[in-house]
Amino acid sequence: MIVTKPPLICYCRDLASPQASSHNINEIGSVHSGLRADSSVFDFRFPGHSHWQARPCRNSASVEHQTTPIADHTPKMMAPKWDHTTFLSERSLKRPPSAIRALLPLEALPGMISLQAGKPAPETFPFKSISLEVTGEDGKNKKLEINGPSLIESLQYSATAGIPRLVTFLEEWQMKSHCRGTPAEEGWSLSVTSGSQDAITKAFETVISENDFVLVEAPCFPGVLSTLAVQPCTLVAVECDSEGISAKALEATLASWPEGRRKPRILYLVPTGGNPTGATATEERRKEILRICRQNQILVFEDDPYCYLTFEKRVPSYWELDAGFGGVVRFDSFSKILSSGLRIGFITGPKVIVDAVNLHTSSSNLQTSSTSQAIAQALLLDWGIHGLNKHCERVAAFYKVKRDAFELAARRQLEGLEIYLHFQVTPVAGMFLWLKLNLPTGDSQGLIGTKAIEERVLAVPGAAFFSDGRTSAHVRVSYSIAKVEDADEAFRRLAVCVRSALDKQTLPLPVSRPLPATTAFATPSLPPALGLLQLDNTFYRPIGDVGNPSTFSFPLQIVKIKGASNTAVVGNKGSGWDSELVNMFITEAQKLIDEKNCVAIVTSCGFLATMHSELVAKLNRPGVAVGTSSLMQIQLVMSLGGPGMVGVITFDAASLTEKHLLQAGADLNRTVVMGLKKGGAFWKWINHMEKFDFEQSEKEVVEVALELVKANPTVSSIVLECTNMPPFARSVQRAAKLPVYDINTLARMLFEAGSRSHA
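About the cut-offs
- Residues numbered from 1 in each chain as written.
- Predicted model: local features only at pLDDT ≥ 70, side-chain atom pairs only at ≥ 80, totals over all residues.
- Heavy atoms only, no water.
- Helix = DSSP H or I, 4+ residues; strand = E, 2+ residues; numbered from the N terminus.
- Areas by Shrake-Rupley, 256 points an atom, 1.4 Å probe, with all protein chains shown as cover.
- Axes fitted to C-alpha atoms, helices over the stretch in contact; angles between N-to-C directions.
- Parallel < 35°, antiparallel > 145°, perpendicular 65-115°, else oblique.
- Contact = heavy atoms within 4.5 Å.
- Nonpolar A, V, L, I, M, F, W, Y, C, P; charged D, E, K, R; others polar.
- Buried < 20%, exposed > 50% of the residue type's maximum accessible area, 1.4 Å probe, protein only.
- Pairing = 2+ DSSP bridges.
- Salt bridge = Lys/Arg side-chain N within 4 Å of Asp/Glu carboxyl O.
- pLDDT = per-residue confidence, 0-100.
- Core = buried A, V, L, I, M, F, W, Y, C linked by side-chain atoms within 4.5 Å.
- Expected span 1.5 Å × (residues − 1).

Asker: Would you mind showing me how to read the overall build of the protein chain here?
Answerer: Along the backbone of the protein chain there are 24 helices and 26 strands. Working note: accessible area of the protein chain is about 30900 Å², and carbon and sulfur atoms make up 54% of it.

Pasting the structure below:
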């Protein structure tokens, strides 16, 4: 098809619209015959407030340019609806143009004698050719040569936005990959940069002004956190879920924004194969994020280096979904699909923003390496867009094999330690697994920085990915360069580190004595499991994580004790359990041990705390870990949480304290117990007065947690005693910014203790 290019525009620098200038001047290393050697083709303006918009020169003729045919479905959109000049920072607007680089494209005009540039003479270059052996479009090796005009182009200064033919190729690839119209039709531009990190850093400096607020993911790519750390802005963390950045969290953040405070204008995210979580946003999630950002005039910075490392059908990008609006600046990289050492990335977005980035480049590193660009260009022009896409498919298939192998190894080697993948999501793109370690301290920093190095395994501690300084039990594991045959050994070493940390904790886990070598479980063919004993009626009502076997990476056997009603349990005054009731628990526990190969038994109701000692004594099964939820949870936290107080959130504070914990021997001098308010959604649900309202119940539990912490500043950790509360653990941890423990924590610890004895 024929694409009509607008007249060439220059803002007294490197032709502020390089795509409208340099790649029309240079076509395959020669001067384009359609250009007139006339100064009226160019319009020089200073990039100030009133002259930042591109305007065609009145007397110049349009230039026709032959391009590769564009798919018929490419939309024809109008120019962006936003005024992007309002996003430019004061620093960007003050940056002076480069008078020398503004004139470089004019050297290509027919008959031009250049006396202006301090370019070195090509005759002095010692390089005579560049030979490459590459993978061809068909997957077989072939040789390419860079010589003649192309060699000079690769060794000389070039346009700030990139070598013209490379820029043209990338524009066409973007249009086909993201179903977009041409730059002229839609008002976007593209510029080649020294890797995407270079583009991101310059783009941030282009838009960030003093005292700005920037929205980032939590967790977030640490390279960007380092970049933003020296910018005059404040970072606002927006929580992520299994689909990346949460639309609900973003909307809540903006809805609660303090009046009078400058609102954020930039949102940074990695939507595909997220770094570090591996999460990929669905098309629906991306549309929702865009809706919120448009309503609030927020520019999305889409950092998408793993876009083409997708193992399933690729999700439309934010930039594709934003066609016609101009609300997305996109960053791409060849580091993951061609070579990281080439340092080739590119920025695509509203022309005003990209022009400002080019001006930044022209006054800093001048341009991306011409040699790197020429190497990439030679390969891409040989492949064509089809060949490039086929190569991306091969690279994605390579990483999918590694993803499968490393995820399987992680589950195999870390089984029982309850080290699990982020939100139980298998990454569908990228090169990362996001693991949460079951650590006593809730912080992976020390373990990964010391013990893991001693064990000769490297990973990145989770704290490095958060902008708000929080601790994290997560680690990021990359499977990109590690060998598949080393996967099991790598995770075995990581498991050794976690076991070492668990062994150092001082909680007296209730294993009566070491398992004798001659003792055998009745069902050795079954995998070790955890037995969960519940009350028989609706006082215990499993929701969310509790009672859901998929919560754990090990088998979970659930048994309801018939006859053990809430009336019998709550009514007990601690004066001694009815022997028949205790025997019911013991009988079912023995069945779980003998028939289901359970190596640990946990009771699910906090009001069973006073049964603990009698249950352990009468059960008397060597090597089996036994625990009753509330007492064991508090003892566990006291042993792990340092000298601070332990905050306990329960359904009924008075009953738990007076009737059970005191008789059970809990150290209440270090315990602060607070119950939920009567009459709330959670209280009504427990008492069968209303249906379960998750959001309102979650809000109530979080409010109690914040009240507890505010009234007791020495609290250093929180226990969610009620067995119906684990679904709220993450929200409580985010709000209170303290480690949070629940029955799941106890279950994992008991299972690990029983597994060690069993082994």
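Asker: For this particular structure, what's the right way to read the packing of helix 4 (residues 148-155) against helix 13 (residues 370-413)?
Answerer: Any two packed helices are characterised by the angle at which their axes cross and by the distance between the axes. Running from N to C, helix 4 and helix 13 cross one another at 140°; their axes reach a closest spacing of 6 Å. As the angle between them shows, helix 4 and helix 13 are arranged oblique. Of the residues in helix 13, those touching helix 4 at Glu153, Ser154 and Leu155 are Ser370, Thr371, Ala374 and Gln377. Looking at the contact of helix 4 with helix 13 residue by residue, the class counts come to two nonpolar, four polar and one charged.

Asker: Would you mind going over unusual backbone geometry with me for this structure?
Answerer: If a residue is not glycine, its phi is most likely negative; likewise, a peptide bond is most likely trans. Residue Pro219 is bonded to the preceding Ala218 through a cis peptide linkage, with omega at 10°. Turning to its location among the elements, Pro219 is positioned in the loop between strand 8 (212-218) and helix 8 (222-229). If you check the backbone angles, Cys179 has positive phi at about 50° while not being a glycine. Tracing the backbone shows Cys179 in the loop between helix 5 (164-177) and helix 6 (183-186). For Cys179, a relative accessible area of 24% translates into the label partly exposed. One non-glycine residue with positive phi stands out, namely Lys737, at about 55°.

Asker: Got a minute to help me understand the sheet that holds strand 13 (residues 328-333) in this structure?
Answerer: Note on sheets: strands pair through backbone hydrogen bonds, and any given pair is parallel or antiparallel. If you walk across this open sheet you meet the eight strands as 7-14-13-12-11-8-9-10, and the pairing is mixed. What marks the edges here is a single partner per strand, and that holds for strand 7 (188-193) and strand 10 (244-245). Taken together, the three bridges between strand 8 and strand 11 (residues 266-269) define a ladder with parallel strand orientation. By the bridge assignment, Val216 is partnered in strand 11 with Tyr268.

Asker: What should I look at first to understand the pattern of salt bridges in this one?
Answerer: Working definition: two side chains of opposite charge can pair if their charged atoms are close together. Throughout the structure, instances matching the rule amount to 28 salt bridges. Residue Asp382 is joined to Lys142 by a salt bridge in which the shortest nitrogen-to-oxygen separation is 2.9 Å. Residue Asp382 is found in helix 13, and its partner Lys142 is found in strand 6 (residues 141-146); the two are separated by 240 residues along the sequence. Shared partners join several salt bridges into a network, and the residues in it are Glu302, Asp304, Arg330 and Asp332.

Asker: Hey, could you run me through the pairing of strand 7 in this one?
Answerer: Where a strand is regular, its side chains alternate between the two sheet faces. With six of six residues buried, strand 7 is to be regarded as a mostly interior element. The side-chain alternation of strand 7 yields two buried faces, one formed by Trp188, Leu190 and Val192 and the other by Ser189, Ser191 and Thr193. Where strand 7 lies against strand 14 (residues 345-350), six bridges are found, and the strand directions are antiparallel. Within strand 14, the residue paired with Thr193 across the bridge is Gly345.

Asker: When you look at the confidence of the model for the protein chain in this model, what are you seeing that I'm missing?
Answerer: Caution is warranted with low-pLDDT regions, since their predicted coordinates should not be read in detail. A residue-level look at the protein chain finds 73% of positions with pLDDT of 70 or above and a mean pLDDT of 76. Looking over the protein chain, one finds the lowest element-wise mean pLDDT in strand 3 (residues 30-31), namely 30, and the highest in strand 12 (residues 299-303), namely 97. Note on residues 1-77: pLDDT under 50 across the span, and 195 contacts to partners over four residues away in sequence or across chains. With pLDDT under 50 throughout, residues 569-576 is counted as low confidence; its partners more than four residues away or in other chains account for 19 contacts.

Asker: When you look at the sheet that holds strand 24 (residues 671-675) in this model, what are you seeing that I'm missing?
Answerer: Within the open sheet, the four strands sit side by side as 24-23-25-26. Their pairing is parallel. Single-partner strands in this sheet number two, and they are strand 24 and strand 26 (740-741). Taken together, the two bridges between strand 25 (residues 715-720) and strand 26 define a ladder with parallel strand orientation. If you follow Ile718 over to strand 26, its bridge partner there is Val740. Sheet strands in contact with helix 22 (residues 694-711) are strand 23 (645-650), strand 24 and strand 25, and its direction is about 150° off that of strand 23. The sheet strands contacting helix 23 (residues 729-736) are strand 25 and strand 26, and the helix crosses strand 25 at an angle near 165°.

Asker: I'm lost on the environment of Ala736 in this one. Help?
Answerer: Note that Ala736 resides in helix 23. Taking relative accessible area as the criterion, Ala736 reaches 11% and is therefore assigned buried. When the C-alpha atoms of Ala736 and Ser717 are compared, they prove to be 9.2 Å apart, with 19 residues separating the residues in sequence. When residues no more than four places from it in sequence are discounted, the contact partners of Ala736 are Leu706, Val709 and Ile718.

Asker: Can you help me understand the nonpolar core in this one?
Answerer: Nonpolar side chains tend to gather and get buried jointly when the protein is soluble and globular. Core analysis: the biggest nonpolar cluster contains 113 residues, and Trp173, Phe204, Phe301 and Phe491 have the highest contact counts within it. Looking at this core, the element that brings in the most residues is helix 13, giving 13 residues. Counting 25 residues, the second-largest nonpolar core is a separate cluster that includes Val672, Met674, Ile686 and Phe728.

Asker: Explanation requested: the packing of helix 9 (residues 247-255) against helix 10 (residues 283-295) in the structure shown.
Answerer: Two numbers describe how helix 9 lies on helix 10: the axes approach to 10 Å, and their chain directions differ by 10°. The angle between helix 9 and helix 10 falls in the class roughly parallel. In this structure, helix 9 contributes Ala247, Leu250, Glu251 and Leu254 to the contact, and helix 10 contributes Arg285, Glu288, Ile289, Arg291, Ile292 and Cys293. Among the residues making up the contact of helix 9 with helix 10, the classes are represented as six nonpolar, no polar and four charged.

Asker: Looking at this structure, how should I read helix 7 (residues 196-207)?
Answerer: Helical periodicity: at 3.6 residues per turn, an α-helix aligns residues three or four positions apart in one direction. For helix 7, which comprises twelve residues, the first-to-last C-alpha distance of 17 Å matches the rise-based estimate of 16 Å (1.5 Å per residue) to within 8%. Most of helix 7 sits inside the fold, with ten of its twelve residues counted as buried. Among the residues of helix 7, Ser196, Asp198, Ala199, Ile200, Lys202, Ala203, Phe204, Glu205, Thr206 and Val207 are the ones counted as buried.

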